[in-house]
Amino acid sequence: YERAIAITEKALGPDHPELAKSRDNLAALLNREHAAPPVEVAINGVVDPTTLLRLAELMRAEDNLTDAKALFESAIALGENEHLGTWLNNLALLLWKMGLTDDAIPYQERATKIREVRGETDLAIEYRGELDGLNAGQA
């Protein structure tokens, strides 16, 4: 995949959708093999939030919370989509795990609001419970 990425980038340019697909495939492979590239490379070279999130989950599984946080934040900064509520929730829980409860609360509030606005009652209730736990310092 790394060779395919280099060839695709040279042929089509760094912002082409095919390049994002190749990077996503590499991230999925690395996730299965539990081997992640350096986080700076991932953040600087990836424009697909799904790829960043796969790498974030890998970093979190490896207990590399600082890099996971950077990857989650980069993915969220790329814009809204149907999974944003989940991403925000995952980042909030990661921040809580890092002992950054005050930083986690705004993300969890936003995730909860998204679920409520979309009428996703079960998830809204779950996220509201997690938010209440964060506010009580217990998540």
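What counts and what doesn't
Residues numbered from 1 in each chain as written. Predicted model: local features only at pLDDT ≥ 70, side-chain atom pairs only at ≥ 80, totals over all residues. Heavy atoms only, no water. Core = buried A, V, L, I, M, F, W, Y, C linked by side-chain atoms within 4.5 Å. Buried < 20%, exposed > 50% of the residue type's maximum accessible area, 1.4 Å probe, protein only. Helix = DSSP H or I, 4+ residues; strand = E, 2+ residues; numbered from the N terminus. Contact = heavy atoms within 4.5 Å. Axes fitted to C-alpha atoms, helices over the stretch in contact; angles between N-to-C directions. Parallel < 35°, antiparallel > 145°, perpendicular 65-115°, else oblique. Left-handed = near helix turned anticlockwise from the far one by under 90°. Nonpolar A, V, L, I, M, F, W, Y, C, P; charged D, E, K, R; others polar. Expected span 1.5 Å × (residues − 1). Salt bridge = Lys/Arg side-chain N within 4 Å of Asp/Glu carboxyl O.

Chemist: Just give me the short version of the nonpolar core, but keep the residues and values in it.
Modeler: Residues Leu71, Phe72, Ile76, Leu84, Leu88, Leu91 and Leu94 are the most contacted members of the largest nonpolar core, which totals 25 residues. If you list the elements that add at least two residues to this core, you get helix 4 (49–61), helix 5 (65–77), helix 6 (84–97), helix 7 (101–117) and helix 8 (121–135). The element contributing the most residues to this core is helix 6, with seven residues. Apart from residues no more than four positions distant in its own chain, Leu91 is found in contact with Lys69, Phe72, Glu73, Ile76 and Tyr107.

Chemist: Break down the packing of helix 7 against helix 8 for me, citing the residues and quoting the values.
Modeler: Viewed as axis vectors pointing N to C, helix 7 and helix 8 meet at an angle of 160°, and their least axial separation amounts to 9 Å. By the criterion of interaxial angle, the relationship of helix 7 to helix 8 is roughly antiparallel. Here helix 7 and helix 8 pass one another in a crossing that is left-handed. Of helix 8, the residues touching helix 7 (which contributes Thr101, Ala104, Ile105, Gln108, Glu109, Ala111, Thr112, Arg115 and Glu116) are Leu123, Ala124, Tyr127, Arg128, Glu130, Leu131, Leu134 and Asn135. Considering only residue class, the contact of helix 7 with helix 8 consists of eight nonpolar, four polar and five charged.

Chemist: Explain helix 7 residue by residue, including any values.
Modeler: With 17 residues, helix 7 should cover 24 Å at 1.5 Å per step; its first-to-last C-alpha distance of 24 Å lies within 8% of that length. Within helix 7, burial applies to Ala104, Ile105, Gln108, Ala111, Thr112, Ile114 and Arg115. At its buried positions, helix 7 is contacted by helix 6 and helix 8.

Chemist: How would you summarise helix 4 if you had to cite specific residues and measurements?
Modeler: Relative to the 18 Å expected for 13 residues at 1.5 Å per residue, helix 4 spans 18 Å between its end C-alpha atoms, a close match to the ideal helical length. What helix 4 keeps buried is the set Pro49, Thr51, Leu52, Leu53, Leu55, Ala56, Leu58 and Met59. Phi for Asp63, located one or two positions after helix 4, is positive at around 65°.

Chemist: Quick one: what's the story with unusual backbone geometry, residue by residue and with numbers?
Modeler: Residue Asp63 is not a glycine yet carries a positive backbone phi of 65°. Position of Asp63 among the secondary structure elements: in the loop between helix 4 and helix 5.

Chemist: Could you give an account of the pattern of salt bridges, naming the residues involved and the relevant values?
Modeler: Close approach of charged atoms lets side chains of opposite charge pair. Evaluation of the coordinates by the stated rule reveals five salt bridges. The partner of Arg60 in a salt bridge is Glu57, with the nearest N and O atoms 2.5 Å apart. In this pair, Arg60 and Glu57 both sit in helix 4, three residues apart, roughly one turn of the helix. Here Asp63 makes a salt bridge to Lys97, at a shortest N to O gap of 3.7 Å. One end of the pair, Asp63, is in the loop between helix 4 and helix 5; the other, Lys97, is in helix 6, with 34 residues separating them in the sequence. The exposure class assigned to Lys97 is partly exposed, which follows from its relative accessible area of 49%.

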